[in-house]
Structure formats: structure tokens, C-alpha cells
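Coordinate inspection notes
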Amino acid sequence: MARLAMVIDTTLCVGCADCVVACKTENDVPEGFCRDWITEQVAGAFPSARLEIRSERCNHCDHPPCVGCCPTGASHVHQPGAVVLVDKQKCIGCKACIASCPYDARFVHPQGHVDKCTFCVHRVEHGQLPACVSVCPTRCMHFGDLDDPESGVARLLRSRRHHELLPAAGTGPRVIYLT
Amino acid sequence: MSLAVPRRSFLKISAAALAAAGLGAPQARLGAGEPAAAGAVQTVPTFCDICFWKCGAIASVRDGALWKIEGNPLDPLCRGRLCPRGTGGIGASRDPDRLTRPLLRARVRGGEEWNAVSWDDALGHVAEKMQAIKAKHGPEAVALFSHGIGGTFFKHTLKAFGSPNLAAPSFAQCRGPRDVGFRLTFGDDPGSPERTDIANARCLVLIGSHLGENMHNTQVQEFAQAMAAGCTLIVADPRQSTAAAKAKWWLPVRPGSDTALVLAWMQVLVAEQLYDTAYVAKYGHGFAQFAAAIADKTPEWAGPLTGIQPEVIRETARAMARFRPATLVHPGRHSNWYGSDAQRSRAIALLNALLGSWGRQGGFYQPSAMELPAYPYPAYPKPGKPKADNPGKRHPFAHESITTGIRSATLTGNPYPVKGWLVYATNLLHALPNEAETIQAIQQLDLLAVCDVIPSETAGWADVVLPECTYLERHDELNPELFREPFLALRQPVVPPPDDQKPNWWIARELALKLGLGAWYPWSDIEQYLAKRCELGGYDWERLKRDGIIRGQPQPLYFEQGAPAEFATPSGRIEFWSQQLADKGFAPVPEYEPPQPNPPGSYRVLFGRAPMHSFSRTQTNPLLHEVMPENALWLNAVEARRLGLKSGDRVRLRNQDGVLSDALPVKATERIRPDCVYLVHGFGHTAKGLKRAYRKGASDAQILTRYQTDPLMGGTALGNNFVTLEAV
Amino acid sequence: MDEITSTRHNPGIDPVLHAWGWEIPVYLFLGGLVAGLMVLAGYHILKAGRQQEKVSYPYAPMLGVILLSLGMNALFLDLANKPLVWRLYLTFQPASPMSWGSWILLLVYPALIGAAILHPPERVPFGQRLLALVRSWSEWLHQRPRLVQVLGLANLGGGIALGIYTGILLGAFGARPLWNSAVLGPLFLFSGLSTAAALMHLLAMVSRSGTGAPFADVALAGVFRLMDPAHCKHVMVRADASFLTIELAIIALWLLGLLTATGVHQQAAALLLGGPWTAPFWGLVILAGILVPLLLQFLELAGRIRHSAVPAVLVLIGGFVLRWILVEAGQASRWS
Ligand SMILES: Nc1nc2c(c(=O)[nH]1)N[C@H]1C(S)=C(S)[C@@H](COP(=O)(O)OP(=O)(O)OC[C@H]3O[C@@H](n4cnc5c(=O)[nH]c(N)nc54)[C@H](O)[C@@H]3O)O[C@H]1N2
Ligand SMILES: Nc1nc2c(c(=O)[nH]1)N[C@H]1C(S)=C(S)[C@@H](COP(=O)(O)OP(=O)(O)OC[C@H]3O[C@@H](n4cnc5c(=O)[nH]c(N)nc54)[C@H](O)[C@@H]3O)O[C@H]1N2
Ligand code: SF4
Ligand code: SF4
Ligand code: SF4
Ligand code: SF4
Ligand code: SF4
Ligand SMILES: [Mo]
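A brief look at the structure comes next. (Residues numbered from 1 in each chain as written. Chains lettered and ligands numbered in written order. Predicted model: local features only at pLDDT ≥ 70, side-chain atom pairs only at ≥ 80, totals over all residues. Heavy atoms only, no water.)

**Describing the sheet that holds strand 1 (residues 41-47) of chain B**
Residue and element names in this part refer to chain B. The three strands lie next to each other as 1-2-3, forming an open sheet whose pairing is antiparallel. Two strands lie at the open edges of the sheet, namely strand 1 and strand 3 (65-71), each paired on one side alone. Averaged over neighbouring strand pairs, the angle between their axes works out to 25° when direction is ignored. In terms of strand pairing, strand 1 meets strand 2 (residues 56-62) through seven bridges, oriented antiparallel. Across the sheet, residue Gln42 finds its bridge partner in strand 2, namely Val61. (Pairing = 2+ DSSP bridges. Helix = DSSP H or I, 4+ residues; strand = E, 2+ residues; numbered from the N terminus. Axes fitted to C-alpha atoms, helices over the stretch in contact; angles between N-to-C directions.)

**Here's the deal with the sheet that holds strand 12 (residues 327-329) of chain B**
All names here are of chain B. One open sheet accounts for four strands, arranged 10-9-8-12; its pairing is parallel. The outermost strands of the open sheet, each flanked by one partner alone, are strand 10 (249-251) and strand 12. Averaged over all neighbouring strand pairs, the angle between strand axes comes to 10°, with direction disregarded. Pairing of strand 9 (residues 232-236) with strand 10, which is carried by three bridges, proceeds in the parallel orientation.

**Let's talk about the pairing of strand 8 (residues 203-207) of chain B**
Residue and element names in this part refer to chain B. Most of strand 8 sits inside the fold, with five of its five residues counted as buried. Burial along strand 8 is two-sided: the face carrying Cys203, Val205 and Ile207 and the face carrying Leu204 and Leu206 are both buried. By the bridge criterion, five bridges tie strand 8 to strand 9 in an arrangement that is parallel. Each bridged residue has a counterpart across the sheet, and for Leu204 the counterpart in strand 9 is Leu233. Remark: the strand 8/helix 7 (residues 217-228)/strand 9 crossover connection has right-handed handedness. By the bridge criterion, three bridges tie strand 8 to strand 12 in an arrangement that is parallel. Its bridge partner being in strand 12, Cys203 is matched across the sheet by Thr327. (Buried < 20%, exposed > 50% of the residue type's maximum accessible area, 1.4 Å probe, protein only. Right-handed = clockwise from strand over helix to strand, strands pointing away.)

**A closer look at the interface of chain A and chain C**
On the side of chain C, 37 residues touch chain A, which itself brings 41 residues to the contact. For the pair chain A and chain C, the summed buried area comes to about 3,300 Å², and 57% of that belongs to carbon and sulfur atoms. If you look at where chain A meets chain C, you find four salt bridges. For Asp78(C), the salt bridge goes to Lys95(A), with nearest N and O atoms at 3.0 Å. Across the chain A-chain C interface, the total number found is 19 residue pairs in polar contact (both at pLDDT 80 or more). Those elements giving two or more residues to the side of chain A that touches chain C turn out to be strand 2 (37-43), helix 3 (96-100) and strand 6 (107-108) of chain A. Of all the elements, strand 2 of chain A adds the most residues to the side of chain A that touches chain C, at seven residues. Taken together, the residues of the side of chain A that touches chain C sort by class into 23 nonpolar, 12 polar and six charged. Direction of pairing for strand 2 of chain A relative to strand 1 (residues 3-6) of chain C: antiparallel, over a ladder of four bridges. When the sheet's bridge partners are listed, Val42(A) is paired in strand 1 of chain C with Glu3(C). (Contact = heavy atoms within 4.5 Å. Buried area = accessible area lost by both parts, 1.4 Å probe. Salt bridge = Lys/Arg side-chain N within 4 Å of Asp/Glu carboxyl O. Polar contact = N/O pair within 3.5 Å; in protein donor to acceptor, adjacent residues only side chain to side chain. Nonpolar A, V, L, I, M, F, W, Y, C, P; charged D, E, K, R; others polar.)

**Thoughts on the side chain of Arg239(B)**
In this structure, Arg239(B) sits in the loop between strand 9 and helix 8 (242-245). The residues contacting Arg239(B), other than those within four sequence positions of it, are His210(B), Glu213(B), Ala244(B), Trp250(B), Trp634(B), Arg671(B), Ile672(B) and Tyr678(B).

**A word on the site of ligand 5**
For ligand 5, the full set of nearby residues is Cys70(A), Pro71(A), Thr72(A), Ala74(A), Ser75(A), Cys91(A), Ile92(A), Gly93(A), Cys94(A), Lys95(A), Cys97(A) and Val114(A). When its residues are assigned to classes, the shell around ligand 5 shows eight nonpolar, three polar and one charged. (Near = heavy atom within 4 Å.)

**Here we look at the interface of chain B and chain A**
Many authors give the size of an interface as the accessible area that is lost as the parts come together. Every contact between the two is made by 69 residues of chain B and, on the other side, 73 residues of chain A. A combined buried area of about 5,500 Å² lies between chain B and chain A, and 59% of that area is made up of carbon and sulfur atoms. Scanning the region where chain B abuts chain A turns up six salt bridges. The closest approach of N and O atoms between Glu626(B) and Lys24(A), which form a salt bridge, is 2.5 Å. Residue assignment for the side of chain B that touches chain A shows that the elements contributing at least two residues are helix 1 (7-20), strand 3, helix 2 (84-87), helix 7, helix 8 and helix 23 (622-627) of chain B. Sorting elements by how many residues they give to the side of chain B that touches chain A places helix 1 of chain B first, with 10 residues. Broken down by class, the residue content of the side of chain B that touches chain A amounts to 38 nonpolar, 14 polar and 17 charged.

Here is the structure:
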């Protein structure tokens, strides 16, 4: 079984938000909403402050609480790839999944259903990279199958230091940051 | 290494696993906002115009409406990837704040009150005024300010009209000092796009140059490529720029002290014999005098001036030497900082010369361009008077027109009156220093015609506003870029203009016809013109239309590969010591001039770019507005605490001349020195028609009232402005 | 301290999560209240049977039907995609408390209606024909003690399920540390019971001073008229007091649990211990909603002060504010 994942090299990311803009146009994300976003985190004090810039989105968690809590089955794990998706034909907009996501990755689309990053499966299934990955000018975003030990993402995780967001929340995020 | 996209295995999932799972029609099962059936999508290749980099792009139109725009993989500039502004470029077409029809001023200048008129009336009015000015003052009294490739045909019309006064802010307000400093040294400038071989640099030194925020696409891509390959990065910046945050050494240099730092670096290289002696011996001129002049510019001398520890200066100089000649000291681009900027740039050029990086891999490559003969126009009339911007060659090394020189001629009538301004795609009120002076100059005019796509501040002062269609709705001049490898790029319309907007070539041509200059427009449609140029150059027009890009034969990039080691200086060599500078009474080897000190209790204003905006032109773009709706004031966290301010609190800036800015939120941060504040240029719009951006954030242009003029080349430096903060 | 900036700006999510507005606390409050009414009703159906009708709670189920419908309405109003609400009943998602809840709600209605039929009012202002019909069903039911017993059990069980579920609903959200506690189920059950007891108590009070208008008689006074005021007073007050004491203990357990858990849980607890919700929580939930009613009831029982509606009103307010704060502060509590 494939487990699609995104591995993002924070040492190269410049926080330009190209990934954000590309997602908006590719996926017709309505004005005022975003499926991905940039977080900048500074630790330490001048002049030795340390900056980490991250392109964030739904983590397509291995243990997605948003799927379990969904009363209609609209939130589901799409196979192959284990991509967490929302079926807008089923979503009643109860927002349980929104409350259940520790990453606040979801939002209510103006059309009433809940929306979030899809890992661009509509592209992936046609052999294209997700829109955000395909535009990133620093090429700091990598996409592939974690279950394939030979995949680029798997190799990067073996060779580089990395972290995920809120590991203590126990969701098993599959957007992983190289440091 | 990590740059390799895991495409192989990735494709394995998509092609094999996913297809095997029989996902024939995935769309129906997907989440929200999935693009509708992809059947009705058409693509058109063109090139981007959200900044002047001109990346090749492919726009997708879905059911007749713009959907998205992506990089053209054929384009060597963008390598298939646009920057965020390029990706958001379709927002320029969708912008509800756009100009829609030609406008004639209704009442007072600057009142932003208009009557919509026909193109015939609008251009008739402009032509009439131009003829009247010509009759009274001569054709030289009409000046053109333009920026970018879209200005081509306006320049053509004005030259045919007989004016030599054509200027762009890209010289005196931008890269002029750098180009002059490099020309004085190497006989050539770094160019635009810069001939910097960042991709291959093993040590990269950025002085200011905030790559990553400065989002010139190729530069950022190569920067990331170099970093991924383990390049040693040294950044001198009073602010921890994005690049500085990735650097091995961030030197939070005292603003305006860079020349001291560069001199000290050179002193170390020379004193410790770390420079490229063979290269200097082979190509250098006046090295001994140079070495003597900098002998006392030790790190100990520079330490107190720059605020950088002498050991750190030494260490970083040695790091540069370790990787030379693949050590690139980036020449910067926006280089008019503190008033003696051509000399600072010259010092940077000399540092590169010591490292032997000019003409070398990982330094500066030799660019090349496609041969493209000019269109066979009749010769332009010879202007009766010299250019107005630089009377008596006051600034002897200015090799382009000085915008602010035209402005002062307009203000003073010296060397002769300038009575008409045509303004194409430049927002002079944001681009030139001291807004008030620009407005005073405008008040001297008999004609101000502004061609823009949105109702900018400058358009707000116009007598006639000429609404252009965006780059996605028009053709433009061909782009035979001078770059790493030769290529020819085409801009062509993707969608029709939504209202009564017209392309620049049409406007400039109609104006020329009204001025009786039809002889210079033997063609009637731009496609004829472009096809003819292709024919003259021997390029396949149909192929260019289909692909958007035609690539040429790569040429040698480095001296080692056979690129000619020619230096167009008086000595024909790299001038460590410059006789031409000495002849004009300037220092033949750069000297350090300290910047004006902070008045007590005030902060120096620094400014720069945000990756998702271009100058003052993208703030109303819905897509780009959304990722950054306003700018913030970077303020050192300790200072913020001292002033009782925290992030998000709103303040106004009051400058040394009492000018008060609009309010903007504070960003209290550990990433800036305590003696300066920083804001992104281009915000704080005051033009009422820019509804989405109106008074969001503060305008640096508003408070940068003081400027120093570079004596060598007339560049206007804005680095000596100081503010205090007032909470709102 | 870390400087964190984000470009995210999704409505309802940023700067603090606000997916749920007033609808959810209203629903949780009414749901809990009805759960309490059902438990009380179920208990009395089982215990009293037909003979002791006078001390049972015959109108609680009817009231329950009305209040539950109001609550469901609030829940419906909260849905962003209302036309698809039927999707809830095309599936059962065992891991989803909401799915459990929607099915529980569906099962609770027959139990409540059955219990309501068991004790129809003696007279109504209109619809005598219908009343007669209901009477005949009631007769039919009463002739089948086993069925009555099942009804009693259904109300007792359904009430407990409903009450616990309203708490579990929140407690299951691991993403919101303030909610992330197993005691939220029992907490909401006991809070539901105390508010239900308070409501019954209040109705008794109101009916005593009632005007005797026919409808009021049915809806309110009837409840009390069928009960022995003296008996009621003691049972209700005692019940209420014990529910409140248990509730207080559970709240203590919940906060202690948070404080002894991870940093994020401690930060979540801090929202109520010094943070923005401190004053309403301690002022309205603990003091006005629990401690003051307890004290007043103690004084009443001891005959020190006159019996009044005040404690019951306070308990109801406290019960509602508890849910309000939990929903609001819970959304503000997070892992990062
Ligand atoms: N996204 C985006 N990218 C752009 C543009 C845009 O509008 N938007 N514009 C393009 C154009 S035309 C230009 S010219 C370039 C401009 O971009 P650059 O050439 O990179 O501009 P600079 O003025 O060198 O850079 C500003 C940086 O210099 C620092 N600085 C300020 N004072 C000093 C000083 O005294 N010493 C040192 N060492 N550093 C200092 C500031 O903190 C800031 O980080 O950007 C280009 N790229
Ligand atoms: N205070 C301050 N001043 C600066 C700078 C700074 O950082 N701070 N930077 C300096 C630098 S480096 C530079 S290069 C200059 C840049 O100066 P400008 O080139 O003047 O930059 P903009 O402010 O973007 O103004 C461009 C104008 O062109 C319009 N425009 C955009 N697209 C089109 C089009 O397709 N057709 C037409 N007709 N108009 C169009 C825009 O709406 C906008 O009004 O500014 C310089 N001045
Ligand atoms: S596009 Fe790439 S570099 Fe830019 S913010 Fe996104 S991940 Fe970072
Ligand atoms: S990030 Fe949130 S929405 Fe995405 S799978 Fe994980 S829990 Fe679900
Ligand atoms: S909002 Fe939609 S996707 Fe989310 S839990 Fe409710 S029904 Fe499921
Ligand atoms: S994978 Fe697709 S949907 Fe997800 S953030 Fe990237 S572009 Fe948006
Ligand atoms: S650098 Fe960005 S804005 Fe400039 S031309 Fe390229 S894609 Fe367009
Ligand atoms: Mo510039």
C-alpha cells in the first residue's frame, strides 16, 4: 500500500508562498481561504536568532482523528496513497473534523462542505506532482511514497534530520520537515 | 542531492499503483474545489510581467476564463517554475480595481475625479498637448518615464517625436550605482538578469541582496541549488533576512558601513596573500597602488565602524579565499543606499576581482543573446538639445538617463523647461524619492499622461489616464534575453481584455499617428511586426507562437571555456586603480564614507521586498493581496519592549522632517539590529481607486523624504532617513 | 519566547478556532437537561409504576421531547451543509461520537414519547379527541407492565447514554486538550441531572404560585400537582444537592487530570486558572452554579431561610455556562 507523503526542506524554503498561491489557483480555493500556508518560527535572541520557515497543510495523518470523528463517512482515507479526503457529496458541515484536527488544517468552504488539502490526488493520479510541489522555486518540497524504501522521500528521511509537527498529538503526520 | 525530485518512484505510485487500483474517474470522489473536468482547458505560452525578470510562462484557460499560470519548462530563466508573483499573475487580470476606460481629468490635478472618454478623445488630447509643447519649447520638453519591456513602443514614438528624455527608475533608483561601480572596474556591468553564476558558487556573499525576499526567480532558484549543494553563505545585513537566517555567518552590520567591511575583507586577502595572484597579475591594472591604498583598512579598523568583530571579518575573508574563484560576492541590484554607492559597488567589484570570480565558474559568467536585427524603421530625428537629466555631465559616469534629473529640470526649468510627461508602467510617486518634489514637478507640467493598468497614485495626478490591458491580454516586444544561454521569448495574449483597455503598442501607435509620425509605424498590427522581426532573425514565428520560447546555441560561459577575457575599461584590464575616477576628482580606490548618524532616540529606516509582492504594483492583486495584505514594521524585540510595544500593535512613523506615515502593525523581532527599523516597500497606497490596498500598511516612499545623490552617477540614496514611533 | 507568524487566515479557524458558535452549547445544555429528565423519568417509571403515579414525573418526558427538539434544532442550525443532513442516517460510524449521538437521538425519541404517553395530562385546553386517543394508548401500555418496565429502562438507559454522549462528544477530541478527558462524559451526565432536577424543582415552584390558567396547568403546574409538594421538595432538593456535589467532584478531577498531564493540557487548564475564562468559570459555574445553590439548599433544608426558586435558577444558569465555557475555551485550547 502506498503512503504518500511530503518532505519539505526547511533549510531551503524561503517562505515565498508560491506553494500557497499555486494551490489557490490549481484548486480554485475561494478568496479568503487557504489549504496551505506559511509559518515562520523564530527562536533565540538577536544576533543568534534561528528561523524556521515551513509550508504547512493537512498532514494526511497515519492516524487521522478527523476521519474517525466524521459521522457521515465524508472524511475518509483514499486508497491507494492513504490520502485523507473529504467527500463533499457526503459532508454535512458538522465541523467535528475541524475540531478534531490538531493542526487546524480544515475549514468550511463557502459551499457548506469542509475543505482542505487533497495532496492534489487529481494531479497525482495523472502522474503529476501536487501543484504546490510543482511550483516551488527552491525545489524544497518532495513528494512520494513512504512505503517504498527507494522513494526520494524515504531516502531523504533516512539521510537527513527531520521533524514533524506536534508529534505528541499522536496523529502520525505525513508532511515532514527536514532541518 | 536533495534537489532531485523523487520523480521516478513517485511516478511509480501514480502510474502503477493508482492505475492498478482502477481509479478511472477520481474526480467524482474527491473533495471540495476540485477543478471541473479538465476537458475544456487550453494553454497559451507567454512570459510574465509581474516584474522585469520576464519568466517564460504557460497560462491555462478553462471554459474561457483564466485558470492558472505555470512556468514554461523550455524557458531557461524560470526552468518551469514561476515565483509566487508570477503564479499569482492571473490575479492582475482578475483585479476588480483595474482601470477600464480612458479618463480625462475633471477638476484639479490629484483630485482623482475623471470623465470617461473614447480612446480617440484621450489620445487626441495627448497629441494636441504634445504638439503645443513642441511648438513652444521643442520636442525635448516632452519626457517619457517608462519601466519594463512594455515601454518599447512608447519610447519609439517619443524618439520619433524628437525627444531624448527617456528615463526609467531602474537606473538612478535601482541598479545604477552597481552598474557604474562594475563598469569602472571590469568595463561591463552585471546586467539584468545578473550574470551571477550562483548555482555553481561554493561560497556566496550577500551584502544586503535579500535573495528569497528579492524573488528574482532564477537568482532564488540558483541560490537554493547552491545551498543544497553545500555552498558556504555569508550575509551582511542589519536585518536577519531570509537568506541571512540560512547563512553560516550572518554579520549584522551597522547600516551604511558596508564599504568599510569590504575594504577590510580586501585588506585581509591582500595582507595574507589569499587573493588570486595569477588572475590579478594577468588581468589587473594598478594593483600596487590599490594594495597601498587599502593597507591600513584592517579588520581592527573596520570593527568599530561596522560593529563586526575583527576576528569574524578575518574568518569570513579566509572562507571566501578558500573557495575562490567559485566565491561570488553578489553585486546586489537595488544599490542606491547611502549616497556613495557607486564606490561601494566598486569595492564589491574589486573584492570579486581579488577572488578571481569575474569570468569564472561560480562567479560571473559571460552571457549571450540571440541575434535579432532591429526592425527597419526610418532614422529618428536628431534631438535639438542634449538630454535634460544630467546637464554638463554633472554626474560623469551616468550611462543612462536619471529620472530625478528630469524631475529637477521640470522643477527648475534648467537646463531647459520640461512641460510634458508621459508615464508608462512606473508609479513615480512610490518610485522616486520625496513625493512632495514629484508633485511639485507635476504641477509645472502642461501635460501628464499616465498609462497604467490600475489607478495608481501617479495616475491619480494625471490629466489623461490611458488604461492598458495586462500582460495576459496583449503582445509585447520580443525578448532576446542576454543570459546564460541565448533564447528568444514571446509574449502573446491569453485572454481578451475585459473592458476598453488597449495594449501599449496600439496606444503608442495611435498616438504616433495622431502626431503625424506614421512613417515610424509601417506596420498596422503587432503580429506583423513580430513576424517580420522573426523573419529578419531567421526564427520560425509559428514555432515561437506555439512554444513561447526558442532556444539558441549555448556559448562559452567562463574564461576557461573560451569566453573572451575582455575588459572595456580605459586600460583594457580590471582597474584596481581608476585613472578615470582620479581624472574627475573622485577616489581612484574606494574610500569609506560613514553614513549620517542616527539622531538620538530615532531609528534608521531600512526597506526591501516581500517575495509575494512587486514594488507598488501587486497590492490590489487579489491572489497576492491575500498572502500579504499589509506590511509590518520590523522592530528589534528589546526596543519594542522598551517602548511598551508588542507584535500587532499599530504605530505611525514620524521622520526627521516631521512627515507622519500611515499606521502599520509592529513586528517585534529578534531578527533586526536595535538601531534600525524595516518595512517592505510598496504598501500604504493612498490612491482611492486602489480599493483593496487603500491605506493598508505604510508607504516607505512617504517617509523617505531625504535623499543623497551619488556624485558619480546621480543615483538617489534613501538610507539616511530616521523615524520615531507613535503608537495609535 | 518563540516568535511565530502564519499566513493562514481561514474564517472560523484563525486566529483562534471558532468552528462552533452558540448552537453547540445550547444543544449540549438541552441535551444534558433532557438526559437528566429521562433518567429521572425512567427511574420513577421503574420505581413507582402505576400505583405511585402521584410522586412520579409524568410530564418530564413530554417536556423532554420539546427541549430535545429545540436542541436538535440548534444542532441543525450549526450544520454548514444542511441539505445533506440525512447523510447522518445512511451510515453508522463506530468511531464517531457524533454518529453515535445521531443514532442515540433517534432512539431517545421513542423512549421519551413512550414515557410521555404513559402519563398523559388530565386535561388539556384543546385537542380533547387526541387526548382521549393518547389515554387509550396509555391504558394499553399500563396493561402491559413488562412494556412499562422496558420503557422505564429505555428512559434510564437512553438518558444515561445521552448524558454521557454529550460529554464524550467533546472528550473524544484529542486535538483540544481542554476537552481531552474521559470524565467529561460523567461530568455532563451529572450536570444534566442537576439541571433536570433543578428544572423540575423550578416547575414545582412556579406551579405553586401558578395562576391556574389551563395551559400552564398542563405544561407546568400539572407536573407538580401530581406530586406531593412536601415529598417532592425533599427528594428534589436532595437529588439536586447530591448531583451538584458529584458534579463538583468531577470538575475537580477533570482539572486535576489536566494539571497532572502534559504541558499542553496544563496550558489548557490555565485558560480557566488565570486565563481569559477564569472569571466566568469560577464566578458563574463553580460559585453561582454549584456552591451557592448547595449552600442555599442546605439552609432551606435546615429551615434557616425560606424556600425559593433561586437555587434552581442558579443551577440552570451554571449548567448552561459550563457548556458555553467548555465549548469556547475548548476551541481555544490547542497543541501548539
Ligand atoms: N518579490 C520581489 N522581488 C524583487 C522585487 C520586488 O519588487 N519584489 N524587485 C526587484 C528589483 S527591481 C530589485 S532592484 C531587487 C531589490 O533587491 P536587493 O537588490 O536585494 O535590494 P537591497 O536593497 O540590496 O536589499 C534590501 C536588504 O538590504 C538590507 N540593508 C539595508 N541597509 C543595509 C546596509 O546598510 N547594509 C547592508 N549590508 N544591508 C542593508 C535590508 O535589511 C534588506 O534585507 O529586488 C528584485 N526582486
Ligand atoms: N521608496 C522606495 N522607492 C523605490 C524602491 C524602494 O524599495 N523604495 N525601489 C526602487 C527600485 S529598485 C525600482 S526598480 C523602482 C521600481 O519602480 P516602478 O517600476 O515605478 O515600480 P512600481 O511601483 O511597481 O510601479 C509600476 C507601475 O506600473 C504599473 N503597471 C504594472 N503592470 C503594468 C502594465 O502591464 N502596463 C502598464 N501600463 N502599467 C503597468 C503598476 O500598476 C504601477 O503603477 O522603484 C525604486 N524606488
Ligand atoms: S514555494 Fe517552496 S520556498 Fe516558497 S514558501 Fe512554499 S515551500 Fe517555501
Ligand atoms: S492534519 Fe488534520 S485534517 Fe489532516 S489528516 Fe491530520 S488530523 Fe486530519
Ligand atoms: S464536517 Fe463533514 S467531513 Fe467534517 S466531520 Fe462533519 S460530515 Fe464529516
Ligand atoms: S497538495 Fe495540492 S491541495 Fe495540498 S496544499 Fe499542495 S496544492 Fe494545495
Ligand atoms: S521573477 Fe516572478 S514576477 Fe518576475 S517575471 Fe519571473 S515569475 Fe514573473
Ligand atoms: Mo530595482
